[in-house]
Amino acid sequence: MPQGRYGVRHNSRRGQDSQGRGALECLAMLETSRLRLRRLHASDEADLVELDRDPLVMRYVGSPRGVRTHEETVERVRQRIHADHGAGGWWIIEDKHDGAFHGVGLLLGMPEGDDVEVGYRLARRSWGRGIATEAAAALIDHAFAALRVPRMVAVVYPDNHPSRRVLSKLGFAHDGPREYRGARVEHYTLAASAWRALRVDNRGDAPA
Ligand SMILES: CC(C)(COP(=O)(O)OP(=O)(O)OC[C@H]1O[C@@H](n2cnc3c(N)ncnc32)[C@H](O)[C@@H]1OP(=O)(O)O)[C@@H](O)C(=O)NCCC(=O)NCCS
């Protein structure tokens, strides 16, 4: 597999997307030193529903934030499993060595404009080990390579300090509050040029 920056390995093939455009196929898989990021499968449904039914995980997720009913959660999870977002979309984050489920990452178009958002959501047991930063770095690397966007954006609730710290470690610049799907959030941007300029540290996967 070709090796990208931050030790990210891309396993993908050139093909046609659902609109018939030449694109990186949706089968792409990304690897970092500890993680594998891959497409969602039907067999992931139980892990994904459990993740989105945890009130602590969902405390700063969604607009409005918080857990949905079991039925709505199952419906949303099934939509994600079957969605085709081309080279972006939803990704399972799992342990590269034993396949343990950590959570999900996403690369999705913002509700307005051409910006692509990076996001991440981990099971509680996976917090506090640098996994979100490592996974998001792989997604950003992939987005700049495959989607060829000039910048990435991220939105976060003001009081989600761990997530704001993740964005800061990745080199995102905070450019103030915004409205996002009816919620007041903090808006962050990361230019492709700024990402390229980040120096790779000795640990390989996570920027300083
Ligand atoms: C936010 C989340 C993704 C972070 O995942 P993680 O793998 O623990 O993140 P990392 O370990 O890469 O980095 C977290 C950083 O926040 C810091 N942090 C943790 N709690 C903090 C707090 N209360 N205030 C400030 N910083 C905090 C950590 O120390 C770490 O920084 P450091 O590496 O400088 O020590 C995870 O907690 C999660 O999934 N939360 C629920 C879903 C969610 O909120 N998703 C984001 C929506 S925008």
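Preceding block: the structure.
Residues numbered from 1 in each chain as written. Predicted model: local features only at pLDDT ≥ 70, side-chain atom pairs only at ≥ 80, totals over all residues.

**Things to note about the overall build of the protein chain**
Under the convention used in this document: The secondary structure listing takes helices from DSSP runs of H or I that are at least 4 residues long and strands from runs of E that are at least 2 residues long, numbered from the N terminus. Partly exposed residues are those whose C-beta has more than 12 but fewer than 20 other C-beta atoms within 10 Å; with 20 or more the residue is buried, with 12 or fewer it is exposed, and the C-beta atoms are placed from the backbone. Remark: residues whose backbone-derived C-beta atoms lie within 7 Å of one another are considered to be in contact.
Broken down by element type, the protein chain carries 5 helices and 11 strands. Going through the 208 residues of the protein chain one by one, you find that 29% of them count as buried. By sequence separation, contacts in the protein chain at least 24 residues apart represent 57% of the contacts at least 6 residues apart.

**A word on the site of the ligand**
Counted only if it meets this: Residues are classed as near a molecule or strand if the C-beta position derived from their backbone is within 6 Å of it. Gly counts as polar in this scheme, as do all residues outside two lists: the nonpolar Ala, Val, Leu, Ile, Met, Phe, Trp, Tyr, Cys and Pro, and the charged Asp, Glu, Lys and Arg.
Neighbouring the ligand are 21 residues, the closest being Leu 122, Ala 132, Thr 133, His 161 and Arg 165. Put simply, the parts of the chain that give the shell around the ligand at least two residues each are strand S8 (116-122), helix H3 (131-147) and helix H4 (161-170). Top contributing element to the shell around the ligand by residue count: H4, with 5 residues. A class-by-class count of the residues in the shell around the ligand yields 11 nonpolar, 7 polar and 3 charged.

**Some thoughts on the pairing of strand S5 (residues 35-38)**
We apply this condition: The criterion for strand pairing is that DSSP finds at least two bridges linking the strands in question.
Sheet topology note: the strand S4 (residues 29-31)/S5 ladder contains 2 bridges and is antiparallel. Bridge pairing in S5 places Glu 31 opposite Arg 36. Where S4 folds back on S5, the antiparallel hairpin that results is connected by 3 residues. Note: S5 against strand S6 (residues 89-95), 4 bridges, orientation antiparallel. Counted as the bridge partner of Arg 38 is Ile 92 from S6.

**Considerations on helix H1 (residues 45-52)**
Filter applied, for reference: In this description, one arc is meant: the one made by directions from the helix axis to the C-beta atoms.
Of the residues making up H1, those classed as buried are Leu 48, Leu 51 and Asp 52. Looking straight down H1, one finds its buried side chains confined to an arc of 90°; they lie on one side. Check the buried side of H1 and you find it contacts helix H2 (70-82), strand S7 (101-109) and S8.

**Structural notes on the nonpolar core**
Put simply, the rule reads: As used here, a nonpolar core is made of buried Ala, Val, Leu, Ile, Met, Phe, Trp, Tyr and Cys residues. They are joined through C-beta atoms within 7 Å.
Membership of the largest hydrophobic core comes to 39 residues, with the highest contact counts inside it found for Leu 37, Ala 135, Ala 136, Leu 139 and Ile 140. Counting residues per element, this core draws most heavily on H3, which supplies 10 residues. The contact partners of Ala 136, leaving out residues within four places of it in the chain, are Gly 105, Val 118, Tyr 120, Val 166 and Leu 170.

**Thoughts on the pairing of strand S9 (residues 151-156)**
So the rule is basically this: Looking down the strands as they point away from the viewer, one classifies a crossover as right-handed if the path from the first strand across the helix to the second runs clockwise.
In this sheet, S9 lies alongside S8 in parallel orientation, the contact comprising 2 bridges. Looking at S9, one finds that Val 116 is bridged to Met 152. Read as a crossover between parallel neighbours, the route from S8 over H3 to S9 is right-handed. Sheet topology note: the S9/strand S11 (residues 183-191) ladder contains 6 bridges and is antiparallel. The partner of Val 156 across the bridge, within S11, is Glu 186.

Function-wise, these values are silent; they only describe arrangement.
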